[in-house]
Amino acid sequence: MPFDRYQRNINYMRISLTDMCNLRCIYCMPEDMTFRPKKELLQDEEINRLVILFAELGFEKFRLTGGEPTIRENIVDIVGHIAKTPNVQEVAMTTNAILLRLLAKPLTEAGLKRINISIDTLDPKKFKQITRWGNIDDVWGGIDAAEETGLKIKLNCVVVRGFNDQEDVIELARLTQNKSWQVRYIEVMPFGSVADFQKTHIVPEKELRETIGNALGPLTLLNNGKLEGEARIYQLDGAQGKLGFISSVTNPFCAGCNRARLTADGKLRLCLLRDKELDLIPFLREGASDEEIKLHIKNSIWYKPWGHGLAHEVYPHKRVMSEIGG
Ligand code: SAM
Ligand code: SF4
């Protein structure tokens, strides 16, 4: 089992399959974003090898993300490989769902179990405004297809002041009255070149709960406030689904963090919001043995930072969210 020096069991790996995306969400990346050349990214066989090594080290849960993971060539094969790797208990994905209508079935057949779909508003015009390029009908097509194939669904909403922090968050919460989905509200976090925008547009969890509660009635805290993953879970009276609040900025969950991340360009990153990384590409491309690579990974995990430094104005400068994998 990979433990860090604070006795946290780091067993959840989030792999970014590409830094590219078919959308340009305002809180995630600039519209004129430039992407890394393909040769700088991990190749399929390199990802497959690393997954085996991670699983041997004790990683049990894998989430594929990006950029947009569904635009990666061979995505179905990659999922299939991870799902079949010994010791792997779960493969999940975070996606904007634009391409999910066609991919939900093959991905499920390949072994995908859960899917988090990003949808920040139910209003088609605002959806276009927030994503710059997106058509919400494509997302609904993806959600319907995911439901049909039996994938467990969560909806992710990044809350941005002045864009979707009023009626939009309420309408998303209303969905849980008749659907067993979990709608998760994510506080916007600062990264690199878009940090100033993010810092001035954050809506704290407490304010958000009040907005939803005032419109739809009381929110009951579930699990005695124990986190589910990174989310605090609430429910509206009589609702089938739940509401999750991910408050990395105003109520961080660093003490219980069990994650590591692998970026599309092969960097092992132990904290989403800290720039320090271990580059695995040289080991992979210059003949290091499996045992050597595992030793470097274990060592890096041992030094996983205690937590982020947002309270002290320390935030990541080198990458935006899509280059790390949310
Ligand atoms: N493209 C996929 C998607 O949007 O679901 C996966 C990658 S995206 C970077 C992963 C998650 O990060 C999404 O739910 C997205 O809304 C969220 N995200 C992006 N930028 C963020 C930011 N600055 N703060 C908080 N969450 C962010
Ligand atoms: Fe693309 Fe996801 Fe970033 Fe939106 S949040 S631009 S869909 S990577």
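Only a predicted model underlies this, so the values are computations on that prediction, with no experimental measurement involved.

Enquirer: Teacher, can you tell me more about the overall build of the chain here?
Expert: Looking only at helices and strands, the chain features 11 helices and 12 strands. Expected size for 326 residues packed as a compact globule is a radius of gyration near 20 Å; at 19 Å, the chain falls within 12% of this value. Expressed along its principal axes, the backbone C-alpha trace of the chain runs to roughly 60 × 45 × 40 Å. Looking at the chain as a whole, 58% of its 326 residues qualify as buried. Only carbon and sulfur atoms are counted for the fraction: they give 51% of the accessible area of the chain, which is about 14100 Å². Distance between charge centres in the chain, computed from 44 positive and 44 negative side chains, equals 4 Å.

Enquirer: Could you clarify how one ought to interpret the site of ligand 1 in this entry?
Expert: The full set close to ligand 1 counts 20 residues, and G67, E68, S118, V158 and M189 are the nearest of them. Within the backbone of T95, one N or O atom sits 3.3 Å away from an oxygen atom of ligand 1. A distance of 2.6 Å separates an oxygen atom of ligand 1 from a polar side-chain atom of S118. Here the shell around ligand 1 is composed, by residue class, of 8 nonpolar, 10 polar and 2 charged.

Enquirer: Whenever I open this one, the pairing of strand 3 (residues 90–95) confuses me. Can you help?
Expert: Within a regular strand, the side chains alternate between the two sheet faces. With 6 of 6 residues buried, strand 3 is to be regarded as a mostly interior element. What you see with strand 3 is no split at all: E90, A92 and T94 on one side and V91, M93 and T95 on the other are buried throughout. Two elements, strand 2 (residues 61–65) and strand 3, share 4 bridges in a ladder whose sense is parallel. Each bridged residue has a counterpart across the sheet, and for R63 the counterpart in strand 3 is A92.

Enquirer: Explanation requested: the packing of aromatic side chains in the structure shown.
Expert: Any aromatic ring pair is given by two values, namely how distant the centres are and how the planes are angled relative to each other. In total, this model carries 5 aromatic pairs according to the counting rule given. Measuring from ring centre to ring centre gives 5.3 Å for Y185 and F245, while their planes differ by 25°; the resulting arrangement is stacked. Highlighted residues: Y185 in strand 6 (residues 182–187) and F245 in strand 9 (residues 242–246), separated in sequence by 60 residues. Each of the two residues, Y185 as well as F245, counts as buried. Cluster of aromatic residues (ring-pair linked, three or more members): Y185, Y234 and F245. For K61, the ring lying beneath its charged end belongs to Y12, and the centroid distance is 4.4 Å.

Enquirer: Honestly, the pattern of salt bridges in this entry has me stumped. Any pointers?
Expert: Proximity of charged atoms lets side chains of opposite charge pair with each other. Here the structure, examined in full by the defined rule, presents 31 salt bridges. Taking the shortest distance from any N to any O, the salt bridge between E147 and K179 comes out at 3.4 Å. Of the two residues, E147 sits in helix 5 (residues 136–149) while K179 sits in the loop between helix 6 (167–175) and strand 6, which places them 32 residues apart along the sequence. The partner of D275 in a salt bridge is R269, and the shortest N-O contact between them spans 3.7 Å. Overall, D275 belongs to the partly exposed group, its relative accessible area being 21%.

Enquirer: Please clarify how the site of ligand 2 should be interpreted in this entry.
Expert: Around ligand 2, a shell composed of C21, L23, R24, C25, C28, M29, G67 and N96 is seen. Of the residues contributing to the shell around ligand 2, the split by class is 5 nonpolar, 2 polar and 1 charged.

Enquirer: What is the right way to look at the side chain of R319 in this model?
Expert: Position of R319 among the secondary structure elements: in the loop between helix 10 (290–302) and helix 11 (321–324). Among the residues examined, R319 registers a relative accessible area of 4% and is labelled buried. Here the side chain of R319 touches D265 through a polar contact of 3.0 Å, side chain to side chain. Within the structure, R319 has its side chain in polar contact with the backbone oxygen of E323 (distance 2.9 Å). Sequence-distant contacts of R319, that is, excluding residues within four places in its chain, are made with R36, F191, G192, T263, D265, K267, R269, D275, E277 and I324.

Enquirer: What exactly am I supposed to notice about unusual backbone geometry here?
Expert: Both trends apply: most residues other than glycine have a negative phi, and most peptide bonds are in trans. The backbone of A97 shows a phi angle near 70°, a positive value even though the residue is not glycine. Looking at where A97 falls in the secondary structure, it is placed in the loop between strand 3 and helix 3 (100–110). Of note, the phi angle at N223 is positive, near 55°, even though the residue is not glycine. Structurally, the position occupied by N223 is in the loop between strand 7 (219–221) and strand 8 (232–236). You can call N223 partly exposed: its relative accessible area is 42%.

Enquirer: Even after reading the chapter, I still don't get the nonpolar core, so can you show me in this structure?
Expert: Inside soluble globular proteins, nonpolar side chains tend to come together where they are buried. Counting residues in hydrophobic clusters, the biggest one holds 105 residues, and the most contacted among them are F54, L64, Y185, I212 and L243. The dominant element in this core, judged by the number of residues it contributes, is helix 1 (residues 44–57), at 7 residues. Those residues in contact with L64, other than ones at most four positions away along the chain, are I15, L17, P69, I75, I78, V79, I82, V91, A92, M93 and T94.

Calculation notes
Residues numbered from 1 in each chain as written. Chains lettered and ligands numbered in written order. Predicted model: local features only at pLDDT ≥ 70, side-chain atom pairs only at ≥ 80, totals over all residues. Heavy atoms only, no water. Helix = DSSP H or I, 4+ residues; strand = E, 2+ residues; numbered from the N terminus. Rg over C-alpha atoms; globule rule 2.2 N^0.38 Å. Buried < 20%, exposed > 50% of the residue type's maximum accessible area, 1.4 Å probe, protein only. Areas by Shrake-Rupley, 256 points an atom, 1.4 Å probe, with all protein chains shown as cover. Lys, Arg positive; Asp, Glu negative; His and termini not counted. Charge placed at Lys NZ, Arg CZ, Asp CG, Glu CD. Near = heavy atom within 4 Å. Polar contact = N/O pair within 3.5 Å; in protein donor to acceptor, adjacent residues only side chain to side chain. Nonpolar A, V, L, I, M, F, W, Y, C, P; charged D, E, K, R; others polar. Pairing = 2+ DSSP bridges. Phe/Tyr/Trp six-rings, centres within 6.5 Å; stacked < 30°, edge-to-face > 60°. Lys NZ or Arg CZ within 6 Å of the ring centre and 35° of its normal. Salt bridge = Lys/Arg side-chain N within 4 Å of Asp/Glu carboxyl O. Contact = heavy atoms within 4.5 Å. Core = buried A, V, L, I, M, F, W, Y, C linked by side-chain atoms within 4.5 Å.

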